[in-house]
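Structural description and commentary
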Amino acid sequence: MRNDILLTVFCAWLAAQLIKAAIEFWFTRRITWRVLFGMGGMPSSHSASVTSLSTAVGLHVGFNSALFAVTAILAAIVMTDAAGVRRAAGRHASVLNWLLTDFLEEEQTDQTPPEQPSNLPPEQPSSFEMNIPLPLQELLGHTPVQVVVGGLLGIVAAVVYYTIAM
């Protein structure tokens, strides 16, 4: 069970998660366990993981290898996704949470719905009837700075691990 590449990735991921928890503690003075296992935040653990993977592969089998090329492309895709698609999904979740909260508050204050004309479609089911989990998770992606810092952390973690292990 001694796979230096997997251990490097685990160390980079763990370092990123611990740094997130430390930053959260610094600002809130509380230990927040969801930060240790959640997504989003500074630094990006996804970026740290994939860049440490790529760097470890490069250090282990060579930076001119096909395997390094595959891991470098994987890292680029994951990091682009973290700062792009996943960040946009988090923003959408934020807007949906706001809209649903506003809708539910309005629904609770207005207990008697007005009569609808017969030519309109029936009312939409409430969020409880639709089984929408509230609130939707908003912290899904990363800012570009969080991705870059996570990426640099992953590279440093791999170099440090291989310096110590070799």
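Higher on the page you've got the structure.
So, here is what we can say about the structure in this document. (Residues numbered from 1 in each chain as written. Predicted model: local features only at pLDDT ≥ 70, side-chain atom pairs only at ≥ 80, totals over all residues. Heavy atoms only, no water.)

1. Section: the overall build of the protein
Of regular secondary structure, the protein possesses six helices and zero strands. Sequence-ordered secondary structure for the protein, helices as α and strands as β, is α-α-α-α-α-α. Scored against the burial criterion, the 166 residues of the protein give a buried share of 33%. Long-range contacts, defined here as pairs at least 24 residues apart, represent 75% of the contacts in the protein between residues at least 6 apart. About 10900 Å² of surface is accessible on the protein, with carbon and sulfur atoms providing 69% of the total. (Helix = DSSP H or I, 4+ residues; strand = E, 2+ residues; numbered from the N terminus. Buried < 20%, exposed > 50% of the residue type's maximum accessible area, 1.4 Å probe, protein only. Contact = heavy atoms within 4.5 Å. Areas by Shrake-Rupley, 256 points an atom, 1.4 Å probe, with all protein chains shown as cover.)

2. A word on a nonpolar patch on the surface
A cluster of nonpolar side chains, namely Leu 59, Phe 63, Val 148, Leu 152, Ile 155 and Val 159, defines an oily patch on the protein surface of about 510 Å² accessible area. With four residues, helix α6 (residues 144-165) is the single largest residue contributor to the nonpolar patch. Mapped onto the secondary structure, Leu 59 falls in helix α3 (residues 45-61). (Patch = residues over 30% accessible without salt bridge, like charges linked within 9 Å, V, L, I, M, F, W, Y side chains within 5 Å. Salt bridge = Lys/Arg side-chain N within 4 Å of Asp/Glu carboxyl O.)

3. Thoughts on unusual backbone geometry
One non-glycine residue, Arg 29, adopts positive backbone phi at about 60°. As for its position among the elements, Arg 29 is in the loop between α1 (4-28) and α2 (33-37). On the basis of relative accessible area, Arg 29 is assigned to the exposed category, the value being 54%.

4. A few points about the packing of α3 against helix α4 (residues 66-83)
Where α3 meets α4, the axes come as close as 9 Å, and the angle between the chain directions of the two elements is 170°. Classified by the angle between their axes, α3 and α4 sit roughly antiparallel to one another. Residues His 46, Ser 47, Val 50, Thr 51, Leu 53, Ser 54, Val 57, Gly 58 and Val 61 of α3 form the contact with α4, whose own contacting residues are Leu 67, Phe 68, Thr 71, Ala 72, Leu 74, Ala 75, Val 78 and Met 79. Along the lines of polarity and charge, the residues of the contact of α3 with α4 split into 11 nonpolar, six polar and no charged. (Axes fitted to C-alpha atoms, helices over the stretch in contact; angles between N-to-C directions. Parallel < 35°, antiparallel > 145°, perpendicular 65-115°, else oblique. Nonpolar A, V, L, I, M, F, W, Y, C, P; charged D, E, K, R; others polar.)

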